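# Summary of the model geometry
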Amino acid sequence: MDCIIVNNVYKKFGSIKALHNLSFSIPCGGRYALLGPNGAGKSTTMKILAGLLKPDQGEVYIKGLRPGDKQVKRILGYLPEDPMPYRILTVRENLEYISSLRGVSNPKQRAEEMMDLLDLRQYENVQAGKLSRGNQQKLAIALVLLHNPEIVLLDEPLNYLDIPTQERVIGILKQMNATFLVSTHIMSIATRLTDHVIVISRGTVIWSGSISELRAMGREDEPIESIVARLMSNVG
Ligand SMILES: Nc1ncnc2c1ncn2[C@@H]1O[C@H](COP(=O)(O)OP(=O)(O)O)[C@@H](O)[C@H]1O
Ligand SMILES: [Mg+2]
C-alpha cells in the first residue's frame, strides 16, 4: 500500500509555477529523499503534504486520507524548513505542551525522554526563543518525534546542527519504523537515511529511483553529488 500519494499536483504563487504536474508515491515504510535545486518546489510539496497549503489542482493522499484530516495529524510528524517552537515557553514546557496536544499518554515522562534523546537537558528551563539556532532545531526535531509518528516529513532536518548532533539525529531516525520523506542538499543524509530518491526541478519529477540505481548512472568512482548535479543540470 502507498502511504503517500501525490497525483498531478499544480501550485502557483502569483505567476510563479511552484509545482507543475507533480506526481509520485511512497509505499508505507518507504524511506525517500526529496532532492532538487533551490526553488524546485521541495518545501511547497512538504507543506501541501502537511496540510498547510492547498494544491490548485491534483490530489494528495496520506494513507488514503486528505492532508489536514484529524486522523492524519495524529500519525504525521512534519518538520518545516524554518521551525519555530513556542518562543516564550521553555524547552521542557514546549515538550510537555506539545505532548499533551498530541495526546501522548504521559507528557511529563515523554518530555524527559526527548530531552535525553536529543541532549537538551541542560537547556530544559531556557525559553525556546533564547536558544541558539542549532538548539532550536534540536527542540523542533524533538517536537516532531514526540508522538512516534508513522509518517515523517522532514524539510532539511540537519540544518544548523553540529556534527555530533547530526550523528545523533541520524541514529534516532534510522531506528524509527516510519514512512520517511526527507528533503536535503546533503547527499550523505540521503544515502544514510533513505533508499530511494525523488529528484524534482521546476515543480516536477525529473528522476526517481533507488540509491543504487542513482549510483549506477555515474561513471566509475564518480561522487554521488556529481551524478545528482548532472541530473539537475540536464533539465536546465
Ligand atoms: N509563499 C510564497 N509566495 C510566493 N512564492 C513562493 C512562496 N513559497 C514558495 N514560493 C516560490 O515557489 C518556488 C518553490 O519554492 P520552494 O518550494 O520553497 O522550493 P525549494 O524548497 O525546493 O527550495 C520558488 O520559486 C519560490 O520562490
Ligand atoms: Mg525549501
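Residues numbered from 1 in each chain as written. Chains lettered and ligands numbered in written order. Predicted model: local features only at pLDDT ≥ 70, side-chain atom pairs only at ≥ 80, totals over all residues. Heavy atoms only, no water.

As annotated in an unreviewed UniProt entry, the protein chain carries the name Multidrug ABC transporter ATP-binding protein and comes from Stygiolobus caldivivus.

Across its full length, the protein chain holds 9 helices and 9 strands. Taking 236 residues into account, the globule formula puts the C-alpha radius of gyration at 18 Å, and the protein chain, at 18 Å, falls close to it. Principal-axis analysis of the C-alpha atoms places the extent of the protein chain at approximately 50 × 40 × 35 Å. A fraction of 66% describes how many contacts in the protein chain between residues 6 or more apart in sequence connect residues 24 or more apart. Carbon and sulfur atoms make up 49% of the accessible area of the protein chain, which amounts to about 11500 Å² in all. (Helix = DSSP H or I, 4+ residues; strand = E, 2+ residues; numbered from the N terminus. Rg over C-alpha atoms; globule rule 2.2 N^0.38 Å. Contact = heavy atoms within 4.5 Å. Areas by Shrake-Rupley, 256 points an atom, 1.4 Å probe, with all protein chains shown as cover.)

Another aspect to go through is the pairing of strand β9 (residues 204-210). Here strand β8 (residues 196-201) pairs with β9 via 6 bridges, running antiparallel. Across the sheet, the residue bridging to I200 is V205, located in β9. The loop that links β8 with its antiparallel partner β9 comprises 2 residues; one of these, R202, has a positive phi angle of about 45°. (Pairing = 2+ DSSP bridges.)

Attention now goes to the nonpolar core. Of all hydrophobic cores here, the largest spans 33 residues; its most connected members are L95, L118, L139, L145, L154, L173 and F180. When residues of this core are traced back to their parent elements, those giving at least two are α3 (91-101), α4 (107-117), α5 (133-145), β6 (151-155), α6 (163-175), β7 (179-183) and α7 (187-193). With 7 residues, α5 is the single largest residue contributor to this core. Excluding its chain neighbours within four sequence positions, the residues that come into contact with L154 are M46, L79, V144, L173, F180, L181, V182 and S183. Counting residues in hydrophobic clusters, the runner-up holds 26 residues, among them I26, L49, A50 and V60. (Core = buried A, V, L, I, M, F, W, Y, C linked by side-chain atoms within 4.5 Å. Buried < 20%, exposed > 50% of the residue type's maximum accessible area, 1.4 Å probe, protein only.)

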